[in-house]
Each structure stands twice: as C-alpha cells, then as structure tokens.
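Coordinate inspection notes
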Amino acid sequence: MALDGGLGEALPSLTATSPVPVTVRLDLRERPGEAIELAVYFCAAELLTNVAKHSGARSADLTTTASRGRVRLTVRDDGRGGASLGAGTGLAGLAARLAAVDGVLRVDSPPGGPTVVTAELPSRL
C-alpha cells in the first residue's frame, strides 16, 4: 500500500505523478494514526487533481506538517483562482470527508489566484 512507509514516502511519490510540477515540503515529527494518514493522502491526491484539471497553474507547492497532535496539509498553486467550498463542488465533498475525522478544510482562492487550500486534522482519532 502507498502508506506503508508513512506520509514521508507516500506524498513525494504522489506528487511525482502530477502533470503540474509540485514542490514538496515535509516536517513530519510524528506519524499520524492510520485513518488520519489515509485522509491526508486522499486529500492531497484530490487537491493535486484539482490543480491539474481546473487551475491553469504552472506550479504548485505541497506542505505537510505533523507535530503536537495536529496534521496540516497545504496545497498552493499559481493558477487562476476562483475555487470555493460552495455546495456541489468537489471541495465541499472533501471538506465533508475531513469532517468525518474531525478535520477542517479552508480555501483561499481570490479571482486571479493564487489558490491555497489547507486541511487541518488531529494526529489521532
């Protein structure tokens, strides 16, 4: 499975397949629980897919930190912006998935960009 080696191995592998170049920054001082790792990995995959399909971006950054009982994933792109958590969007569904593990999703995406999406979750359920 992709997460056998934890997020430190899985996220760089995931970004390597992105058609948009992604810079990865990881600060994983603690390994999150299995359900949280899965949620973060799924979230990263969905956000990178959104960047490739909808943003018009030339590059993206993925930053993940895990410390003091919290995990934060941030995906930033230099695309056109305009993403929102509105009903009926993929981001709303992603926010609902994160809420199931006590996580939250924030989107900052003014018209013209950049887009910054941040997921914050507890390290353990």
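Predicted model, so just to flag it, every value in this text is computed and none were measured. (Residues numbered from 1 in each chain as written. Predicted model: local features only at pLDDT ≥ 70, side-chain atom pairs only at ≥ 80, totals over all residues. Heavy atoms only, no water.)

1. Description of the pattern of salt bridges
Tallied over the full model, the rule gives six salt bridges. A salt bridge links D61 to R25; the shortest N-O distance between them is 3.4 Å. Taken together, the residues span a long stretch of sequence, with D61 in strand β2 (residues 60-67) and R25 in strand β1 (residues 22-28) at a distance of 36 residues. A salt bridge links R58 to D78; its shortest N-O distance comes to 3.5 Å. Of this pair, R58 sits in the loop between α2 (34-55) and β2 while D78 sits in the loop between β3 (70-77) and α3 (90-99), and the two are 20 residues apart along the sequence. Residue classification places R58 among the exposed residues on the basis of a relative accessible area of 65%. Salt bridges here are not isolated pairs; linked through shared partners, they connect R72, R106 and E120. (Salt bridge = Lys/Arg side-chain N within 4 Å of Asp/Glu carboxyl O. Helix = DSSP H or I, 4+ residues; strand = E, 2+ residues; numbered from the N terminus. Buried < 20%, exposed > 50% of the residue type's maximum accessible area, 1.4 Å probe, protein only.)

2. Quick word on the side chain of S18
Considering the arrangement of structural elements, one finds S18 in the loop between α1 (7-16) and β1. Note on S18: relative accessible area 18%, which makes it buried. Separated by 2.8 Å, the side chain of S18 and the backbone oxygen of V20 make a polar contact. (Polar contact = N/O pair within 3.5 Å; in protein donor to acceptor, adjacent residues only side chain to side chain.)

3. Here's the deal with unusual backbone geometry
Backbone geometry follows two general trends: most residues other than glycine have a negative phi, and most peptide bonds adopt the trans configuration. With an omega of -5°, the peptide bond running from G113 to P114 counts as cis. Relative to the helices and strands, P114 resides in the loop between β4 (104-108) and β5 (115-122). Its identity as a non-glycine residue notwithstanding, R68 has a phi of 50°, on the positive side. Positionally, R68 belongs in the loop between β2 and β3.

4. A short note on the environment of G8
Residue placement: G8 occurs in helix α1. Taking C-alpha positions, G8 is 26 Å from G90, a pair spaced 82 residues apart along the chain. Residues contacting G8, with those up to four places away along its chain left out, are L26 and L28. (Contact = heavy atoms within 4.5 Å.)

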